[in-house]
Amino acid sequence: MLHIGIDDTDSVKGGCTTWLATEIIKELSDFDLIGSPRLVRLNPNVPWKTRGNGAVSFTFGKGKGAKEKIGEIGNFNIFSFKRGMPIRYDSHEILERIKALVLQHSHPDSEPGIVVSEVFLPEGLYWQGVTDIVTDDILSDALQGIISFGFRGSRGICGAACSLAWSGNSNNINKISHTWELIGYRKKSNWGKKRHISLDSVKKVSDLKGVFSCKDSDGKIAMVPNSPCPVLWGFRGIDYSILIDNFHDIGPEKPERWLLYRTNQATDDHLRFKEISTVKEGDSLRAEVIVSSISETIEGGHRFFTVKDFSDGVIKCAAFEPTKNFRHTIDRLKIGDKLIVCGSVNSGTLNLEKIKIIDLVTRYSKPPNPICDCGKRTHSSGKNSYYRCKKCGKKYSRPAMIECKSELELGWYEPPASSRRHLSTPVSLMPKL
Ligand SMILES: [Zn+2]
């Protein structure tokens, strides 16, 4: 088979690796696409990432058996075969054809990489790339005997290789091995212009079964990017046929081309179980912890609190302003509450992606001040002190605190879709138990 991985063709200023993927499929239309193209997100904490740190890979061959339509470029239909047979090809000639496209379309300050391989790469490389840093040694080992090419520094070779190492079949912690994203692209003449997608049309598709990250609960559209890139929208879900059957409802602006990707988005593959005492900068972790200080708000509306785990490791957690109402959950946590925290360590602080409340300590509220025998309400004489009647001077001891119900429920809490990471599993898809 012919396996191709590409990465890092875009930059913070625009461009899009997945749009280039559609051009590559058109260029290689003398071959059949086996399975769907794969959009693979890698470690969200690497310092040099482009916007989403996403790489794309495909498998080409001679299709066998049934085929399905998974995309369209103008009038050109893109089909995918479930199974395929190997084909003869000249790797260097294929590389030249792809290089020409990448040179033409990649952004001048990107560092694109291309990998062409007859086989999938070992899955360990993917796990290294999604949870950690892939060193030059690891990468050169994995690429023994495999053709790769990079431009302008070639950082992209690493992502391209890692995407060819993702099987999408692993049984991960949330039992979500992969999800799907159908991406619609705009006409070139519209790139950089305002996108015309109505909230009504987004609402119509957002409640379909297994669909996620279309909009925030406050109505903000999350499936339409703000960057000047060619993407019109990204429609995500766990059942690809629902995406293909319903994307026509999104509008009024219609895509000039569209393509279905199998992805590791929403899998939580980047998270690792770790003791807090062993976490290092750039780790993404999932840990069971106890709240050890209540939330403090700093300028800008960001929230910070600390947690500790059973190893007595302590870490500061952060919920930043864009996490919106998620911060109100954080504000209501009390010392002793038991949580699962998921997030990434940046400057020694765990930036929260979601939390699960496993247990809540008893909440207490202050009872009303005692009424004096004379009928007047007493006043507190200071913290932990007695109550006193101002009229007749009688003193009363402080009444016991009243147990009350927390405003929080057990379960998962997350920031809105628009501030969620591609790799984070949305709460709607988390296992119920
Ligand atoms: Zn009195």
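The numbering scheme is per chain: residues are counted from 1 as the chain's sequence reads. Given that this is a predicted model, residues contribute local features only at a pLDDT of at least 70 and side-chain atom pairs are listed and counted only at 80 or more, while totals for whole chains, interfaces and linings are drawn from all residues.

**Describing the overall build of the chain**
Counted only if it meets this: Helix numbering and strand numbering both begin at the N terminus, where a helix is a DSSP run of H or I of at least 4 residues and a strand a DSSP run of E of at least 2. Each residue is represented by a C-beta atom placed from its backbone, and any two residues with such atoms within 7 Å are regarded as in contact.
If you tally the helices and strands in the chain, you get eight helices and 23 strands. In terms of its C-alpha atoms, the chain occupies a principal-axis envelope of roughly 100 × 50 × 40 Å. Across the chain, contacts joining residues at least 24 apart in sequence account for 69% of those joining residues at least 6 apart.

**So, the domain arrangement of the chain**
Quick reminder of the rule: How far each domain reaches was decided by an automatic or database domain assignment. Polar here means any residue other than Ala, Val, Leu, Ile, Met, Phe, Trp, Tyr, Cys and Pro, which are nonpolar, and Asp, Glu, Lys and Arg, which are charged; Gly is therefore polar.
Here the domain parsing of the chain yields domain 1 (1-270) and domain 2 (272-362 + 406-416). For domain 1 and domain 2, the distance between their C-alpha centroids amounts to 32 Å. Taken together, the six residues of domain 1 in the interface contact six residues of domain 2. For the side of domain 1 that touches domain 2, the residue count by class is one nonpolar, four polar and one charged.

**Re the nonpolar core**
Note the cut-off: As used here, a nonpolar core is made of buried Ala, Val, Leu, Ile, Met, Phe, Trp, Tyr and Cys residues. They are joined through C-beta atoms within 7 Å. Three classes are used. A residue is buried when 20 or more other C-beta atoms lie within 10 Å of its own, exposed when 12 or fewer do, and partly exposed in between, with C-beta atoms placed from the backbone.
Ile6, Ala161 and Cys162 are the most contacted members of the largest nonpolar core, which has 67 residues in total. Dropping the residues within four chain positions of it, Cys162 is found in contact with Val40, Leu42, Ala55, Leu125, Tyr126, Gly129 and Val134. Formed by 23 residues, the second largest nonpolar core is a distinct cluster that contains Leu271, Cys317, Ile330 and Leu339.

**Description of the sheet that holds strand S19 (residues 379-380)**
Here is the rule: For two strands to be treated as a pair, DSSP must find at least two bridges joining them.
The antiparallel open sheet is built from three strands, whose spatial order is S19-S20-S21. Strands with a single pairing partner mark the edges of an open sheet, and in this sheet they are S19 and strand S21 (395-396). Both strand S20 (residues 387-388) and S21 contribute to a ladder of two bridges, which runs antiparallel. Within S21, the residue paired with Arg388 across the bridge is Lys395.

**A few points about unusual backbone geometry**
Across the junction of Gly251 and Pro252, the peptide omega takes the value 10 degrees, indicating a cis bond. The phi angle at Asp312 is positive, at roughly 65 degrees, despite the residue not being glycine. Locating Asp312 in the fold gives a position in the loop between strand S14 (302-308) and strand S15 (314-319). In this structure Asp312 comes out as exposed when scored by C-beta crowding, with 10 C-beta atoms within 10 Å. Located in the positive-phi region is Asn384, a residue other than glycine, with phi close to 60 degrees. For Asn384, a count of 7 C-beta atoms within 10 Å gives the class exposed.

**Overview of the packing of helix H1 (residues 17-27) against helix H2 (residues 91-105)**
Operational definition: Lines are fitted to the C-alpha atoms to define the axes, a helix being fitted only along its stretch in contact, and any angle between axes, read from their N-to-C directions, falls within 0 to 180 degrees. By convention, the crossing between two helices is left-handed when the near helix turns anticlockwise from the far helix through less than a right angle, and right-handed when the turn is clockwise.
One can describe the packing of H1 onto H2 by two numbers: an axis separation of 10 Å at closest approach and a directional angle of 145 degrees. For the pair H1 and H2, the sense of crossing is right-handed. Packed against H1, whose contacting residues are Leu20, Glu23, Ile24 and Glu27, the element H2 presents Arg97, Ile98, Leu101, Val102 and His105 at the interface. Looking at the contact of H1 with H2 residue by residue, the classes come out as five nonpolar, one polar and three charged.

**Considerations on the confidence of the model for the chain**
Selection rule: The quantity called pLDDT is the predictor's confidence in a given residue, expressed from 0 to 100.
The share of residues in the chain with pLDDT of 70 or more is 96%, and the mean pLDDT across the chain is 92. Taking the mean pLDDT of every element in the chain, the minimum, 90, falls on strand S7 (residues 147-150) and the maximum, 98, on helix H7 (residues 240-246).

**Structural notes on the packing of helix H3 (residues 123-131) against helix H5 (residues 156-163)**
Short version of the rule: Roughly parallel means an angle under 35 degrees; roughly antiparallel means over 145; roughly perpendicular covers 65 to 115; every other angle is labelled oblique.
Relative orientation of the contacting elements H3 and H5 amounts to 125 degrees, with a least axis distance of 8 Å. Of the possible angle classes, the one that applies to H3 and H5 is oblique. Crossing handedness for the pair H3 and H5: left-handed. Contact residues: H3 offers Leu125, Tyr126 and Gly129, while H5 offers Cys158, Ala161 and Cys162. Residues belonging to the contact of H3 with H5 are distributed by class as follows: five nonpolar, one polar and no charged.

**Some thoughts on the pairing of strand S16 (residues 338-346)**
Regular strands show a simple pattern: their side chains alternate between the two faces of the sheet. Note: strand S13 (residues 284-298) against S16, seven bridges, orientation antiparallel. Each bridged residue has a counterpart across the sheet, and for Ala287 the counterpart in S16 is Val341. Where S16 and strand S17 (residues 349-359) come together, nine bridges link them in antiparallel fashion. When the sheet's bridge partners are listed, Val345 is paired in S17 with Leu350. Connecting the antiparallel pair S16 and S17 is a turn made up of two residues, with Ser347 showing a positive phi of about 50 degrees.

**Details of the environment of Gln265**
With respect to the element layout, Gln265 can be found in the loop between strand S11 (257-263) and strand S12 (272-273). Classification of Gln265 by C-beta neighbours within 10 Å gives buried; the count is 28. Non-local contacts of Gln265, meaning those with residues more than four positions away in its chain, are made with Arg41, Thr179, Glu181, Arg236, His422 and Leu423.

**Notes on the pairing of strand S5 (residues 76-85)**
Sheet topology places strand S2 (residues 32-34) next to S5; two bridges connect them, and they run parallel. Following the sheet pairing, Leu33 is matched in S5 by Ser80. Note that strand S4 (residues 54-73) and S5 share nine bridges and pair antiparallel. Looking at the pairing, Ile73 lines up with Phe76 of S5. The hairpin turn running from S4 into S5, its antiparallel successor, is two residues long, and Gly74 in that turn takes a positive phi close to 60 degrees.

**As for H3**
For the α-helix, the turn length of 3.6 residues means that residues three or four positions removed from each other point alike. Along H3, the residues that are buried comprise Leu125, Tyr126, Gln128, Gly129 and Val130. Residues of H3 that are buried in the fold lie against helix H4 (136-142) and H5.

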